[in-house]
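# Coordinates in review
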Amino acid sequence: MTTEALPDIADAADHVGAASRRGALLGIVFAAAGMACVGSSVAVSAAITDAPLFTLQSVRYALAALLLLAVARVTGWRVPRPRGREWLWLAGVATAGLVLFNVGVVRGVAHAEPAVIGVAVAAVPMLLAVVPAVATRTLPARSVIIGAMVVTAGAVVVEGFGRTDAAGVGYALLVLVCEAGFTLLAVPVLPRLGAFGVSFHSVWMATAGMAVVGVTTEGPAAVTTLDTGDLLAALHLAAVVTTLAFLLWFTAVKRLGSGRAGLLTGVVPVAAAGLGVPLHGIVPGPMVWIGTAVVALGLVIGLSRSPSRRVRTRRLGRSRRSVSRAGS
């Protein structure tokens with residue numbers, strides 16, 4: 001090989017870089033769409049406040065598991081079987097990210113205004129950016145950290161603040177940890193199981209967990225008290241907020257990594273506020289608009305990271321040295 005091959009190497013590197021950018025852009029779109037789906041749950045939740053919530057959640061996850069199986073049947077996707085420690089990671093996703101998260105939300109709103117729980121969820125981007133870096137003993141990307149701080153601030157402005165007591169603070173912290181755990185505990189198994197495998201196995205595990213919580217706290221007959229409105233709400237939560245949102249989200253995490261994908265959780269309160277206009281005729285106030293602008297700024301900061309010219313030059317330099325040694 002001679003130096004004449006250098007243009008081909010540069011062209012190949014540019015092609016790989018373009019493919020990587022397209023993959024990242026798709027990841028951003030998937031994450032934003034998934035979080036918009038999650039934001040739609042706010043409107044539905046307002047209609048099921050009188051339902052046995054843990055029982056309804058178990059019905060929701062059971063329906064989601066069936067929908068995922070139907071998707072697999074129609075598309076021909078294979079449902080991968082977990083191996084060894086993968087069962088533990090998936091159990092963690094289901095237990096922390098789904099069962100305990102819902103327990104924290106339901107119990108938390110009895111001690112705190114919903115905005116307090118919303119602010120806890122708004123802090124998730126910081127955990128998703130920092131925890132993986134600490135676990136791997138690496139420095140987190142500065143742009144992601146700054147973007148996460150700005151997104152969190154904007155989401156807090158959108159959510160507002162609320163009154164709470166000590167128990168409410170505790171439940172808010174539980175919600176924060178569990179929401180972050182939903183993504184972080186899935187990262188080790190995503191490469192092999194994929195978004196579909198993680199979604200399906202975590203959902204059926206959560207069905208069993210929520211059924212146990214529902215029977216224990218609401219009684220085995222609680223399922224018979226669900227009316228048509230409750231079941232329609234459960235279907236929406238299963239189809240849009242679980243099946244669709246989970247597949248979009250885990251695909252995005254696989255493409256972007258937890259840190260950059262975590263920035264898109266700031267879309268949830270913005271989407272919830274935006275959906276309030278057509279669904280309830282509630283026009284967002286000035287603070288919501290300001291918070292939305294801050295979230296958008298944080299996303300630009302955290303997601304606009306691209307390889308610097310110095311990095312590209314260094315890579316090309318290494319290629320030249322490699323070619324030179326090969327030709328000698």
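Structure first, text after, so check above.
One structure accompanies this document, and this report is about it. Computed from a predicted model, the values in this text were never measured in an experiment. Residue indices follow the written sequence of each chain, beginning from 1 at its first position. Totals for whole chains, interfaces and linings use every residue, but because this is a predicted model, local features are given only for residues with pLDDT of at least 70 and side-chain atom pairs only at 80 or more, for both listing and counting. Hydrogen atoms and water are omitted, and side-chain values are computed over all heavy atoms in the structure.

## Brief notes about the overall build of the protein
The cut-off we apply is this: Numbering of helices and strands runs from the N terminus, with a helix taken as a DSSP run of H or I at least four residues long and a strand as a DSSP run of E at least two residues long. We call two residues contacting when some pair of their heavy atoms lies within 4.5 Å. For every accessible area listed, the method is Shrake-Rupley and the probe measures 1.4 Å; residues are considered covered only by the protein chains on display.
When its secondary structure is counted, the protein shows 14 helices and 0 strands. N-terminal to C-terminal, the α/β element order of the protein is α-α-α-α-α-α-α-α-α-α-α-α-α-α. Put simply, of all contacts in the protein between residues at least 6 apart along the chain, 90% involve residues at least 24 apart. When the accessible surface of the protein is split by element, carbon and sulfur atoms take 68% of a total near 16700 Å².

## Regarding helix 7 (residues 142–159)
Where we set the bar: Here the expected length of a helix is defined as 1.5 Å per residue gap, with one fewer gap than residues. For the exposure calls, accessible area comes from a 1.4 Å probe over protein chains only, and a residue counts as buried if that area is under 20% of its type's maximum, exposed if over 50%, partly exposed in between.
Compared with an ideal rise of 1.5 Å per residue, which puts 18 residues at 26 Å, helix 7 spans 26 Å between its outermost C-alpha atoms and is within 8% of the ideal. Along helix 7, the residues that are buried comprise Val144, Ile145, Gly147, Ala148, Val150, Val151, Thr152, Gly154, Ala155, Val156 and Val158. Note on helix 7: the residue one or two positions beyond its end, glycine 160, has a positive phi of about 80°.

## Quick look at the environment of alanine 252
Mapped onto the secondary structure, alanine 252 falls in helix 10 (residues 228–256). Classification of alanine 252 as buried rests on a relative accessible area of 0%. Along the primary structure alanine 252 and valine 29 are separated by 223 residues, whereas in three dimensions their C-alpha atoms are 8.1 Å apart. Not counting chain neighbours up to four residues away, the residues in contact with alanine 252 comprise Gly27, Phe30, Ala31, Gly257 and Ala261.

On their own, these measurements won't tell you what the molecule is for.
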